[in-house]
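Spelled out, the chains give:
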Amino acid sequence: MYSLYSWGTPFEAEELYSFDPLSISVQAYLQFCDTNWQLHYVKNPGASPSKCLPVLIFKNDVAETGFWRIVRFLQGEGHGLGVALNKEQLSQTTAYVSMIQDGLVDAIIFMWYLVPENFVQVIRPRLAGMFGLPLSLVMPTHLKDCATKRLIANGMIDDGTFGSSSSSSNEDSEPAKNGFLQNKFLQLRHLAKEGFKRQASTYESVEAAIARHPVLNQADQYLSCLSRKLGEREYFFGKAPSLLDAVAYGHLSLVLRVDLPHNPLRMLITTRYINLAEHCARVHAQLQPPTIASRQNLVAGLGSYVKQTVSEYTTIPDFSVSNMKDSPETAGNLRAVVGALCIFIGYVIYNDVLSTPSSTLKDVAKEPDNSLLGSLNVGDILGSVNFTNANNHS
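Residues numbered from 1 in each chain as written. Predicted model: local features only at pLDDT ≥ 70, side-chain atom pairs only at ≥ 80, totals over all residues. Heavy atoms only, no water.

Student: Pulling in residues and values, what's your account of the side chain of histidine 213?
Tutor: If you trace the backbone, histidine 213 turns up in the loop between helix H8 (206-212) and helix H9 (214-230). A distance of 3.4 Å separates the side chain of histidine 213 from the backbone oxygen of methionine 156, its partner in a polar contact. (Helix = DSSP H or I, 4+ residues; strand = E, 2+ residues; numbered from the N terminus. Polar contact = N/O pair within 3.5 Å; in protein donor to acceptor, adjacent residues only side chain to side chain.)

Student: Quick one: what's the story with helix H11 (residues 264-272), residue by residue and with numbers?
Tutor: Turning to H11, its buried residues are Pro264, Leu265, Leu268 and Ile269. Within H11, the buried residues cover an arc of 145° as seen down the axis, which keeps them to one side. (Buried < 20%, exposed > 50% of the residue type's maximum accessible area, 1.4 Å probe, protein only. Arc of directions from axis to C-beta.)

Student: Quick one: what's the story with the packing of aromatic side chains, residue by residue and with numbers?
Tutor: Tallying each qualifying case throughout the model produces nine aromatic pairs. A ring pair is formed by phenylalanine 19 and phenylalanine 131, whose centres lie 6.4 Å apart and whose planes are at 70°; its orientation type is edge-to-face. One end of the pair, phenylalanine 19, is in the loop between strand S1 (2-7) and helix H1 (21-32); the other, phenylalanine 131, is in helix H4 (residues 116-131), with 112 residues separating them in the sequence. Taken as a pair, phenylalanine 19 and phenylalanine 131 share a single burial class, namely buried. The rings of Phe11, Trp112, Tyr113 and Phe119 are connected pair by pair, giving a single aromatic cluster. Over the ring of phenylalanine 119 we find lysine 144, and its NZ or CZ is 5.9 Å from the ring centre. (Phe/Tyr/Trp six-rings, centres within 6.5 Å; stacked < 30°, edge-to-face > 60°. Lys NZ or Arg CZ within 6 Å of the ring centre and 35° of its normal.)

Student: Hey, could you go over the confidence of the model for the protein chain for me, with residue numbers and the actual values?
Tutor: Chain-level pLDDT for the protein chain is 73 on average; 64% of the residues reach the 70-or-more range. The lowest-confidence element of the protein chain is helix H17 (residues 372-375), averaging 32 in pLDDT; the highest-confidence one is helix H10 (residues 243-256), averaging 96. Counting interchain partners and residues more than four positions distant, the pLDDT-below-50 stretch residues 297-325 has 26 contacts. Every residue in residues 353-394 is under pLDDT 50, and counting partners more than four places away or in other chains gives 86 contacts. (pLDDT = per-residue confidence, 0-100. Contact = heavy atoms within 4.5 Å.)

Encoded structure:
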């Protein structure tokens, strides 16, 4: 049996079992292959050896991490969907999958994080509820910052919207721009004052939305290519689903099945590219709810947070579960570490170390950025959550 560890979901009511399009794509691929598998929700990519999600486990060992590596591993195990495809169709699959991961992801994260009504009313509370304390305090905003940096790097939004106009013309001012991005109070004040002029949340029509912003213009071009490729066929390459069908569903489902206050991207698909909307609905009806083997609760989330923080300062050897159970020496070392932690926590509580109000609270407020968020850079978040570019293409 395969075990898939993927990002959790704030959209289980919508029958979506991750908020990461690549995790959803792998889930669909596993079902298309009719494999025996179960799903594990993960809230922290530190659980992965490469800090990248999703992760596929086979026979109690890590098989592969990341979308493309998982697909290649499954194909090597005889679970390939492209057996009947010729070389030209396989090349087209790679090209279209890359196009979806490059272009549609930009549009999705734009609608989620850069349209204020969508982020404030839907995305942020849903993500906060999924992550739970303490990650709910930092992860939604951190994901928004990562999405903003990706869109700026891809030229989809103007960095002058979030900083001074001179920052876009002078690369040497990068530290000042980053400092502004990291200052949440200045960012909120700026957004409230400017009203998201570039990220206007209300569009009069689909045409106005496309004309207003390049990210939707790019999405329109990519969706047009996908729609022409699909045509009137049931699937992209005939009557049987392929890898391209799984990836298209993984991305389109997050657009079509998640209700947002302002979603011109969904309006674009349902009015101009009806065959893509019908394809997404057809694939969704074919899929069955996965067997959810585990959900990372608060204790597990705190445990992974502590492990990731400690791993920044020391090397934690990778032991298999069976070896740990059979090794008295390892068990004794673990008991010693747990005992030392308990003594330290008792000392802190007994001596009231955390009672200093001013300076201590300021230091604590800075800790998330220096530990968890410092170890999750743009590649980690956007690559794991399904938002990758070059790493998945390699």
